[in-house]
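# Observations on chain architecture
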Amino acid sequence: QALPRRPLPKWAAVAESDAFASGQQVPCKLFLDATVQLIKIFDSIYGMGMVKDDIDGNRAKIEANLLKLPADAQPTATLQSMCRAELGAA
C-alpha cells in the first residue's frame, strides 16, 4: 500500500514564510538568471566545486519545472507559485 504524499517540511515552511504572507513574489526567470551569475563566482573560488555543483543542480531542477509550464505562463511564474503547485499536488 502506498503511503500518502505529504509536503516536504521545507516546502511547508516556505508556504508559511513571511514572503508568502506579505505577497512578495520572486520571478523564476530573474532568480534563474541571478543564480547563473552566482555560479560563475563559485567557478573562480578554489575548493567550491561541490557547492557550485549543488547550486547548479538546484537551478536545473527549477528550470526544468519552469519549462514544464505552458509557454504563456513561464514569464509570470514565481518561485512561490511553483512551491504552492507542488504543495497542492502532495
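Our structure is the block above this text.
Cut-offs used in this document
Residues numbered from 1 in each chain as written. Predicted model: local features only at pLDDT ≥ 70, side-chain atom pairs only at ≥ 80, totals over all residues. Heavy atoms only, no water. Helix = DSSP H or I, 4+ residues; strand = E, 2+ residues; numbered from the N terminus. Buried < 20%, exposed > 50% of the residue type's maximum accessible area, 1.4 Å probe, protein only. Areas by Shrake-Rupley, 256 points an atom, 1.4 Å probe, with all protein chains shown as cover. Salt bridge = Lys/Arg side-chain N within 4 Å of Asp/Glu carboxyl O. Core = buried A, V, L, I, M, F, W, Y, C linked by side-chain atoms within 4.5 Å. Contact = heavy atoms within 4.5 Å. Arc of directions from axis to C-beta.

### Things to note about the overall build of the protein
- A count of helical and extended segments in the protein gives 5 helices and 0 strands.
- Starting at the N terminus and ending at the C terminus, the protein contains elements arranged as α-α-α-α-α.
- Looking at the 90 residues of the protein, the share that counts as buried comes to 17%.
- Of the accessible surface of the protein, which amounts to about 6700 Å², a share of 61% is contributed by carbon and sulfur atoms.

### A look at the pattern of salt bridges
- Across all of its chains, the model carries 5 salt bridges by this definition.
- Among the ionic pairs, K52 bridges to D43, the shortest N-O distance being 3.5 Å.
- The shortest N-O distance in the salt bridge between D56 and R59 comes to 2.9 Å. One end of the pair is D56 and the other is R59, both in helix α4 (residues 49-68) and 3 residues apart, which spans about a single turn.
- Residues joined by salt bridges that share partners form a network here, namely D43, K52 and D53.

### Some remarks on the environment of V26
- As for its position among the elements, V26 is in the loop between α2 (18-22) and α3 (28-43).
- The spacing of V26 and A77 is 51 residues in sequence and 8.5 Å in space, taken between C-alpha atoms.

### Description of the nonpolar core
- Within the largest apolar cluster, 6 residues are counted, these being C28, L32, L66, A77, L79 and M82.
- Residue assignment for this core shows that the elements contributing at least two residues are α3 and α5 (79-89).
- For M82, the residues in contact, after removing those within four places along its chain, are C28, I62, N65 and L66.

### Section: α5
- Of all the residues in α5, the buried ones are L79, Q80, M82 and C83. Take α5 and look down its axis: the buried residues cluster within an arc of 160°, on one side only. Among the exposed residues of α5, those pointing more than 90 degrees away from its buried face are G88 and A89.

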